[in-house]
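Here is what each chain is made of, one letter per residue.
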Amino acid sequence: MKQEGDIKKAVQCLREGKLVGLPTETVYGLGGDGRKASVVAKIFAAKERPAFDPLILHFHNASQLSAYIANIPPHFWPLYEAFCPGPLTFILPRKPSVPDIVTAGHSTVGVRFPRHPLTREVLKRCRFPVAAPSANLFGRVSPTEARHVAEQLGSRVDFTLDGGACEVGLESTIIDLSTQHPRILRLGGLPLEAIEEVLDLSIPYEKNSSSKPQAPGMLTSHYSPGIPLLFGPIVQNIPRIDPLRTGVISFCTAVNGIPDSNQRVLSPDGNLAEAATALFGALRSFTADKYDCILAEPFPEEGLGRAINDRLRRAAAH
Ligand code: TXA
Ligand code: MG
């Protein structure tokens, strides 16, 4: 296999309790042996992440679950068949074999089967679950390329497996299957409509989660680009800004009155998947040395557009 040496190194590092940047189809993760509390503690420290925010365990396939999951709810299987490996995280009741630090003391644990072929190979060889949050500092924009991992985490990561740019570009959708009726805790790379179709159910999502949310990563203020972001119709905000020091994020057309080089049109063809892939890179490109603020317009509130709007709303909440 191409990159055999890198895969071996990633597996070796994970077996030795080191931290590895791992490519997934959504964003890069900061992986470590999910069975070992001391390793998971290093992940929290590297990200400067508060201990109340639980981590997702990554598996190669569902046959590995029985050692960690207390019972698998019926809705799990149709979703697993339809979408895994893929950008979906399940919240499931856990067994005591999952260290408390992974779940922040909750009786449930996040479980995901990522689709990127390199990371799938790593997970297959490791055979243990890999705990991995997004490989960014807490509250910042998630990495969608290997170099982003080093930019924020530097030598806190022992090795990063370079799998190229992430295909989806938004974190996984999180569905809670631990309660009687499934709930969406985070909109993400798998559109809610696709899940509803498979389950033949309407699934609630509470847009304005509070400061004490069920998925703490859904804190109102998250995904900080490091400078203020104004989220709303762009023409309304133009009178308030200096056009030369303002970045613009729009869906399919550039706006008048701002230099082209300051504009990121995420999908000239109006394709929401393409826009999602480009979103975090666009946010990162507006660095504080050259830009004072970012204007971002609302995307269509459907499919991946809902997750894009969610991230922009949170980025604006700083
Ligand atoms: O796409 C993804 O999910 C990426 C890649 C690396 O897999 N991972 C990711 O992890 O986004 P992280 O840690 O940045 O976000 C995980 C979210 C957090 O908001 C956390 O609060 C929530 O999952 N979560 C984890 N376990 C949970 C649990 N038991 N109950 C509720 N929410 C949970
Ligand atoms: Mg994250």
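Heads up: these notes are all about the structure in this document. (Residues numbered from 1 in each chain as written. Chains lettered and ligands numbered in written order. Predicted model: local features only at pLDDT ≥ 70, side-chain atom pairs only at ≥ 80, totals over all residues. Heavy atoms only, no water.)

Our next topic: the environment of R35. Residue placement: R35 occurs in the loop between strand 2 (29-33) and helix 2 (37-47). With residues near it in sequence (within four places) discarded, R35 still touches Y68, P99, F128 and P129. Within the structure, the side chain of R35 is placed 2.8 Å from the side chain of D33, a separation counted as a polar contact. (Helix = DSSP H or I, 4+ residues; strand = E, 2+ residues; numbered from the N terminus. Contact = heavy atoms within 4.5 Å. Polar contact = N/O pair within 3.5 Å; in protein donor to acceptor, adjacent residues only side chain to side chain.)

For ligand 1, the set of nearby residues contains 26 residues, the closest of which are T26, D53, H58, R112 and S172. Here T108 contributes a side-chain N or O atom positioned 3.0 Å from a nitrogen atom of ligand 1. A distance of 2.5 Å is found between an oxygen atom of ligand 1 and a side-chain nitrogen or oxygen belonging to S172. Taking 670 Å² as the accessible area of ligand 1 by itself, protein coverage stands at 98%. (Near = heavy atom within 4 Å. Areas by Shrake-Rupley, 256 points an atom, 1.4 Å probe, with all protein chains shown as cover.)

A separate point is helix 9 (residues 272-285). Taking 1.5 Å of rise per residue, 14 residues should cover 20 Å, and helix 9 covers 20 Å from first to last C-alpha, within 8% of that figure. Taken as a whole, helix 9 carries its principal kink of about 40° at A278. Buried residues along helix 9 sit against helix 6 (146-153), strand 10 (229-231), strand 11 (246-250), strand 12 (263-265), strand 13 (293-296) and helix 10 (304-316). Between a side-chain oxygen at the N-terminus of helix 9 and the backbone nitrogen of A273 the separation is 2.8 Å; the capping residue is N271. (Expected span 1.5 Å × (residues − 1). Bend = angle between axes of the 7 residues up to and from the residue.)

For the second largest pocket, the calculated volume is near 170 Å³. The set of elements that each furnish at least two residues to the lining of the second largest pocket consists of helix 6 and helix 9. (1 Å grid on protein atoms, 1.4 Å probe; cavity = no way out; pocket = protein on both sides within 12 Å on 5 of 7 lines; lining within 4 Å. Points joined across faces, edges and corners; volume = space filled by probe spheres on them.)

Before going further, it helps to spend a moment on the sheet that holds strand 10. Ordered in space as 10-13-11-12, the four strands form an open sheet in which the pairing is parallel. If you trace the sheet from one side to the other, it starts and ends with strand 10 and strand 12, each paired once. Averaged over all neighbouring strand pairs, the angle between strand axes comes to 15°, with direction disregarded. Note: strand 10 against strand 13, three bridges, orientation parallel. What sits directly across from L230, in strand 13, is L295. Across the face of the sheet, helix 9 comes into contact with strand 10, strand 11, strand 12 and strand 13 while running at roughly 170° to strand 11. Sitting on the sheet, helix 10 touches strand 10 and strand 13, and the angle it makes with strand 10 is about 130°. (Pairing = 2+ DSSP bridges. Axes fitted to C-alpha atoms, helices over the stretch in contact; angles between N-to-C directions.)

Pairing is mixed in the open sheet, where nine strands are placed in the order 7-1-2-6-3-5-4-8-9. The outermost strands of the open sheet, each flanked by one partner alone, are strand 7 (159-160) and strand 9 (183-186). With four bridges connecting them, strand 4 (residues 88-93) and strand 8 (residues 173-176) associate as parallel partners. From the neighbouring strand, L88 faces strand 8, where its bridge partner is T173. In this fold helix 7 (residues 192-199) packs onto strand 4, strand 8 and strand 9, with an angle of close to 40° to the strand it touches most, strand 8.

Such coordinate-based values are descriptive only and should not be taken to indicate function.
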